[in-house]
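What the coordinates show
Given next are the chains, with one letter for each unit.
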Amino acid sequence: GESVGLHLPTLSVQEGDNSIINCAYSNSASDYFIWYKQESGKGPQFIIDIRSNMDKRQGQRVTVLLNKTVKHLSLQIAATQPGDSAVYFCAESRTSYDKVIFGPGTSLSVIP
Amino acid sequence: EAGVAQSPRYKIIEKRQSVAFWCNPISGHATLYWYQQILGQGPKLLIQFQNNGVVDDSQLPKDRFSAERLKGVDSTLKIQPAKLEDSAVYLCASRTLKGQETQYFGPGTRLLVL
């Protein structure tokens, strides 16, 4: 069946360093991938997305990499700041308008 | 623009009681979602509406959960009767019908069933 998972449940990084959060997915038919950030007591917030016809997409301080060969997705955060501390979810769907399936999440802690 | 609104923010009930949650999506968003997020897990879709019609309710426990979006705007999610395992955060999200694909989430309602 479909599943999206994360390699590490927790990640601690020093302020100013770069963060890399990894995600594995199992459904080769997935076409659309999204990263969300969820702060305590809030709903998930969209960070960046990527389609399966791309292998890299950049936003402001964030980059998503997609490796379809090994079904791997990663989120890179440059110059990590205390405000980046949150739980990060990768999510996938067959199309950009289809049901979104979330992974279990990675908790990122930024050490000042 | 105003975000997705949900109420109440917190609810504590005893098992076998009933509870209802309310969601007001972003104005003009035709698609509305209800998710259940158990502590430490990612959100799980319960039901998806497009306007006032149900698109996907395959993961909704229909023996105790119900949802409606009668006028295609606000939506309510009800649990009757509640079980201990229903303790979770219930998230509402909305999206435009076409064009922008991003789902916008509300703050959620945190339910504790005792």
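The sections below set out a description of the structure shown in this document. Quick caveat: nothing in here was measured; it's all calculated off a predicted structure.

1. Thoughts on the interface of chain B and chain A
Of the residues lining the interface, 23 residues belong to chain B; the matching set on chain A comes to 18 residues. Summed over both sides, the interface between chain B and chain A buries roughly 1500 Å², with carbon and sulfur atoms accounting for 47% of that surface. On the chain B side of the contact with chain A, Pro43(B), Glu101(B) and Phe105(B) bury the most area, a combined 33% of that side's loss. On the surface where chain B and chain A come into contact, there are one salt bridge. Here Asp56(B) and Lys99(A) are joined by a salt bridge, their closest N and O atoms 3.9 Å apart. Counting the contacts that link chain B with chain A gives two residue pairs in polar contact (both at pLDDT 80 or more). Counting residues per element, the ones that place at least two in the side of chain B that touches chain A are β4 (31-37) and β9 (88-95) of chain B. Its residues assigned to classes, the side of chain B that touches chain A shows seven nonpolar, 10 polar and six charged.

2. Topic: the nonpolar core
By size, the foremost hydrophobic cluster in this structure holds 21 residues, and its most contacted members are Phe21(B), Trp34(B), Leu77(B), Ile79(B), Tyr90(B) and Leu111(B). Elements with a contribution of two residues or more to this core: β3 (19-24), β4, β5 (44-50), β8 (75-79), β9 and β11 (109-113) of chain B. Leave out the neighbours within four places in its chain, and Ile79(B) touches Gln17(B), Ser18(B), Val19(B), Phe21(B), Arg64(B), Phe65(B), Asp86(B), Tyr90(B) and Leu111(B). Leu11(A), Tyr25(A), Trp35(A) and Val64(A) belong to the second largest nonpolar core, which has 20 residues in total.

Criteria and thresholds
- Sequence order sets the numbering: in each chain, residues are counted from 1 along the sequence as written.
- Each chain is given a letter, starting from A, and each ligand a number, starting from 1, according to the order in which they appear as written.
- Local features are withheld for residues below a pLDDT of 70 in this predicted model, meaning they are given only at 70 or higher, and side-chain atom pairs are given and counted only at 80 or more; totals for whole chains, interfaces and linings count all residues.
- Calculated side-chain values reflect all of the structure's heavy atoms, with hydrogen atoms and water omitted.
- Two residues form a contact once any of their heavy atoms are found within 4.5 Å.
- Buried area is understood as the total, over both parts, of accessible area removed when two parts are fitted together, assessed with a 1.4 Å probe.
- By salt bridge we mean one thing: a side-chain nitrogen of Lys or Arg within 4 Å of a carboxyl oxygen of Asp or Glu.
- Pairs of N or O atoms are called polar contacts if they sit within 3.5 Å, as long as, within protein, a hydrogen donor faces a hydrogen acceptor (for residues adjacent in sequence, only side-chain-to-side-chain pairs).
- Numbered from the N terminus, helices here are DSSP runs of H or I no shorter than four residues, and strands are runs of E no shorter than two.
- Classification convention: Asp, Glu, Lys, Arg as charged; Ala, Val, Leu, Ile, Met, Phe, Trp, Tyr, Cys, Pro as nonpolar; all other residues, Gly among them, as polar.
- Residues belong to a common nonpolar core when they are buried Ala, Val, Leu, Ile, Met, Phe, Trp, Tyr or Cys residues joined through side-chain atoms within 4.5 Å.
- Residue exposure (1.4 Å probe, protein chains only): buried if accessible area is under 20% of the type maximum, exposed if over 50%, otherwise partly exposed.

Coordinates in, geometry out; function isn't part of it.
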